[in-house]
Amino acid sequence: MTAKLIAGCLTAGLLTAQLPGCSFSGSVESMLSPPRLTVEQEQIYQALQQSIGSQISLKYPKSGERLSAFIVDDLDGDGSDEAVVFYEFGRDSLNENRLRISLFDQKEGEWTAVDHIPAAGAEIDRVDIERLGRNPRQNLIIRYSMVDGFEHAVQVLHYEDGELAENLKKPYSVMELRDLDGDGTTEVLIAAAAKDSEPATAFVYEMDENGNYPEMPASRRLSDTMTDVTRIAYGNLPTGRGQETIPAIYMDGITGATTVQTVVLNYSDETLSLLYADSPERYPKTERSGGALTMDIDDDGEAEIPVRFAFYDQSVLPESVAPKMTNWYVCRNKLLMREYSSYYSAQDGFVFLLPKRWEGSVTARLENDEIVFWSFEQPSAPAWTEAEDSAHSEAVLLEPLLRLAVVSDPVAADAMQSDGYLLLQQKNSRYYLGKIGDVSRSMRLTPSELLVSMRFLQ
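These notes cover the structure that comes with them.

Rules used in this analysis
Residues numbered from 1 in each chain as written. Predicted model: local features only at pLDDT ≥ 70, side-chain atom pairs only at ≥ 80, totals over all residues. Heavy atoms only, no water. Pairing = 2+ DSSP bridges. Helix = DSSP H or I, 4+ residues; strand = E, 2+ residues; numbered from the N terminus. Axes fitted to C-alpha atoms, helices over the stretch in contact; angles between N-to-C directions. Buried < 20%, exposed > 50% of the residue type's maximum accessible area, 1.4 Å probe, protein only. Polar contact = N/O pair within 3.5 Å; in protein donor to acceptor, adjacent residues only side chain to side chain.

## Some details on the sheet that holds strand β21 (residues 335–345)
- The strand order β19-β20-β21-β22-β28 describes an open sheet built from five strands, whose pairing is antiparallel. Each having just a single partner strand, β19 (305–310) and β28 (454–456) make up the two edges of the open sheet. In this sheet, adjacent strand axes meet at a mean angle of 35° when their direction is disregarded.
- Judged from the four bridges that link them, β21 and strand β22 (residues 350–353) form a sheet pairing that is antiparallel. When the sheet's bridge partners are listed, S345 is paired in β22 with F350.

Pasting the structure below:
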């Protein structure tokens, strides 16, 4: 054991010795980030050391397509590349944000430091380079996490007159770059958490022809009960005028410790409009458990909002055998209209859309880690006492129509297929299986119907 440990330490030491002067602390980030630099990156790194010193720790974005500490691109449109480097410098203060950004340009074939600026956060979440709004220049869009890991900020920079110029820096809960109004240009969409007496608010920043953002961006207060936004989805919303649609923004937001609501917005003519939000006079409402996410469940280009209800008469059943039914709603004329009923398992990552002919005639039970759909008979109404009501109100189950199971053991999956189960999907070490009941023709699913009714989540 001792020899193995010593060999492992020597190997780690040799790997560390190959790094070009970088300071690594052995963190998870440094272990996951590729330490070996390309020839070009090595040249930029040496120029950085010559400019500011050797106490440097490279920092890497956590997500997106640009995962290097070195971003090399034509930032000013002159036909040659510039370089941006993310790093921490110095070790003096634990409280000071040490994250920095340096810009390098090529002069006579050599990388030369042009500008050094402080970053707007402690960790880099994502880096994008693209045009924004109606201005043709390239923008460096950097998303950060703060020191506490919960708060976030976005910083929009561009290279002009020998420096990185900042023209937007805003905190956010959720932020996306998207063409929100379908005009072919990209806007910055920000959702901000509730603060003091103000509810959660959405903002749209659209850059003008001169490369500036308006002092007062398009904004909209969200639901009065919504404290933060957790997710944004998109869809094309029918207007009711023939085949015409408008782009819609769906925001899932926190309303309680475990609950969320959805609001629907539209951005057009530089105005952010609220198309739907829950209100006391509206039913149903979108409030639900936090695991149920708004999504385009049927891939028709329009998002649906999931709302959970009990299957028929399950208030008399214990939670262990009473799975919830999820109805999926679309927004029409500021109201919700049911599109589908389903069983939605966020934990197992799938949705089963109930066939239309099953609606109102099928209930469900959890049996031995399977979800089982039964046809049922509504009990007649004999003369019983009020005290007996709860004991007699449960539906009478007739025949099992379908069994759905999710297993991770391939041997168990093979055995179930030998027992008549169909393998519907194999994904992320999970086997999704279904067994169709031998039931009356009117209620029986075909294998193709079962496959079409299953939706597997990302």
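Now that the structure is up, let's keep going.
## Quick word on the pairing of strand β11 (residues 187–192)
- Counting buried positions along β11 yields six of six residues, so the element is predominantly enclosed.
- The sheet contact formed by strand β10 (residues 174–178) and β11 spans five bridges and is antiparallel. Paired with R178 across the bridge in β11 is E187.
- Of the pairings in the sheet, the one linking β11 to strand β12 (residues 201–205) comprises five bridges and is antiparallel in character.

## Some thoughts on helix α5 (residues 410–418)
- The backbone nitrogen of V411 lies 3.0 Å from a side-chain oxygen of the residue at the head of α5, namely D409.
- Taken from the residues just after α5, G420 is the one with a positive phi, measuring 100°.

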